[in-house]
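Okay, here's what each chain looks like letter by letter:
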Amino acid sequence: MMKQVFAGKGGICLSDINDVLEQFNFKGELKKCEIFGSGHINTTYLAEYNDNGKERKYVVQKINLNVFKDIEHLMDNIFSVTSYLRKEIKKNGGDENRETLHFIKTKSGDKFYRNSSGDCYRAYVYVSDSVSYNSVDSPELFAQSGVAFGKFQRLLSDFPADTLYETIPNFHNTQFRYENEFLPAVNADTAGRVNECPEEIEFVNSRKEYCPRLVSLINESKLPLRVTHNDTKLNNVMFDAFSEKAVCVIDLDTVMPGLALYDFGDSIRFGANTAAEDEPDLDKVSIDLDYFKAYAQGFLSEAGESLTQCEKDNLAFSALLMTFECGMRFLTDYLNGDTYFKTAYPEHNLVRARNQFALVADMEKHMAEMENIITSLC
């Protein structure tokens, strides 16, 4: 009989998780299962088993179906990409059990388990001797995250990206975001906030020529579609617990066809800002060129040879565009009454938008330096 499972700091009994654990091919006898991680979307558990004296750990996640509505296609993408990565890593003499996630099918051979209540769960092997970080505290750490996402691109450079499902259509189509989301939000003024932010609205409109640049290059077949992660925060990289070297990339829910530029640009937006993305004091917001160079060096050390010249030529611009797009999305949500992003206070999304726009303005001032850094590294 399976042991009773406890989870959470208060030792709350989660009896329903026992049924979930029994659906997967886990090895050994269950020791304990606890709430795990700091994610805001899915609910994650860490289950520990004793397999004849050998400790085995598995990560089990309850998938948020309010966010991820097409669970079948999402899990098809994840299994396709991780299976391919495991083969490539093994072929290159790496450790496929540490350098990518190993998802486990249910006992009935399914990619996830759906219980009688309609809740969906998936499982993968815990990456041993690994840690994650929530903040970028040094250029060296940021460079290692660049290594991780660059390696992700290199290993998947020959993967047929068009076979993946676009689980979130137009996710980084900035032109679509501008024409079909931002402008309608301004015109509708649902929350009556347009008069509060005329300068921010003008900031977006005065830079609308940025929006179609990468989309046009795709349509002209000058930029190749690749497998993209689309959530390149630092805490989506697992680091070796002893050396702080990047081990693998996790959180593959938003893996789908896109541009390598999206992942590079969003990493810079997140990690090379001298302030948090909701810092209200805009004097603290700027692009840290040392962090920019560190990440670019790590990323290109792995992905450089697999990128086209057009991709390399647009790396610096992609940082500006992803920051601009994110700021526009924050502003759009503010105008719509805060229906998408979680907020801590009424002006939170407006503060975020101003922050991102300040970073865009600083990137514009330093674009020549950013491009020179990329050129020197290439």
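Relevant structure appears above.
No experiment lies behind these values; they were computed from the predicted model shown.

1. As for helix α5 (residues 198–205)
Item 1. Taken residue by residue, α5 has Glu200, Ile201, Phe203 and Val204 as its buried positions. In a view along the axis of α5, the buried residues occupy a sector of 155°, so they form one face of it.

2. A look at the packing of helix α4 (residues 174–188) against helix α10 (residues 315–335)
Item 1. With their axes 9 Å apart at the nearest point, α4 and α10 run at an angle of 25° to one another. By the angle between their directions, the pair α4 and α10 is classed as roughly parallel. Like other packed secondary-structure pairs, α4 and α10 cross with a definite hand, here left-handed. In contact with Thr174, Arg177, Tyr178, Glu181, Phe182, Ala185 and Val186 of α4, α10 contributes Leu321, Met322, Phe324, Glu325, Met328, Arg329, Leu331, Thr332 and Leu335.
Item 2. When its residues are assigned to classes, the contact of α4 with α10 shows 10 nonpolar, two polar and four charged.

3. Things to note about the side chain of Asp338
Item 1. One can find Asp338 in the loop between α10 and α11 (348–377).
Item 2. Here Arg193 takes part through its side chain, which lies 3.0 Å from a polar atom of the side chain of Asp338.
Item 3. At 2.9 Å, the side chain of Asp338 forms a polar contact with the side chain of Asn349.
Item 4. Apart from residues no more than four positions distant in its own chain, Asp338 is found in contact with Arg193, Asp333, Thr343, Pro346 and Asn349.

4. What about the packing of helix α7 (residues 260–271) against α10?
Item 1. It is at 7 Å that the axes of α7 and α10 come closest, and there the two elements cross at 70°. Relative to α10, the element α7 is oriented roughly perpendicular. Of the two possible hands of crossing, α7 and α10 adopt the one that is right-handed. Seen from α7, the contacting residues are Leu261, Tyr262, Phe264, Gly265, Asp266, Ile268 and Arg269; seen from α10, they are Leu315, Ser318, Ala319, Met322, Thr323 and Cys326.

5. Quick look at the nonpolar core
Item 1. Core analysis: the largest hydrophobic core is formed by 100 residues, its most contacted members being Ile268 and Leu331.
Item 2. Not counting the four nearest positions on each side in its chain, Ile268 is found in contact with Phe142, Asn273, Ile287, Phe292, Tyr295, Ala319 and Met363.
Item 3. The next biggest cluster of nonpolar side chains, apart from the first, holds 16 residues, and it includes Ile17, Val20, Leu30 and Val60.

Conventions used here
Per chain, the residues get numbers from 1 upward, laid out in the order the sequence is written. Where totals are concerned, whole chains, interfaces and linings use all residues; where local detail is concerned, this predicted model gives features only for residues with pLDDT of at least 70, and gives and counts side-chain atom pairs only at 80 or more. Values reported for side chains reflect all heavy atoms of the structure, with hydrogen atoms and water molecules removed beforehand. Three labels apply to residues, based on accessible area from a 1.4 Å probe with only protein chains included: buried if under 20% of the type maximum, exposed if over 50%, partly exposed otherwise in between. Secondary structure counts use DSSP, requiring at least four H or I residues in a row for a helix and at least two E residues in a row for a strand, with both numbered from the N terminus. Arc definition: directions from the helix axis to the C-beta atoms. Here the axes come from fitting lines to C-alpha atoms, over the contacting stretch only for helices, and the angles between their N-to-C directions go from 0 to 180 degrees. For this classification, under 35 degrees means roughly parallel, over 145 means roughly antiparallel, 65 to 115 means roughly perpendicular, and everything else is oblique. A clockwise turn of the near helix away from the far one marks a right-handed crossing, whereas an anticlockwise turn of less than a right angle marks a left-handed crossing. Here, residues are in contact when the closest pair of their heavy atoms is within 4.5 Å. Just so you know the grouping, Ala, Val, Leu, Ile, Met, Phe, Trp, Tyr, Cys and Pro go in nonpolar, Asp, Glu, Lys and Arg go in charged, and all remaining residues, Gly too, go in polar. We define a polar contact as two N or O atoms separated by no more than 3.5 Å, with the added condition that, inside protein, one atom must be a possible hydrogen donor and the other a possible acceptor, whereas residues neighbouring each other in sequence contribute only through side-chain atom pairs. Among buried residues, the Ala, Val, Leu, Ile, Met, Phe, Trp, Tyr and Cys ones that are joined through side-chain atoms within 4.5 Å form a nonpolar core.

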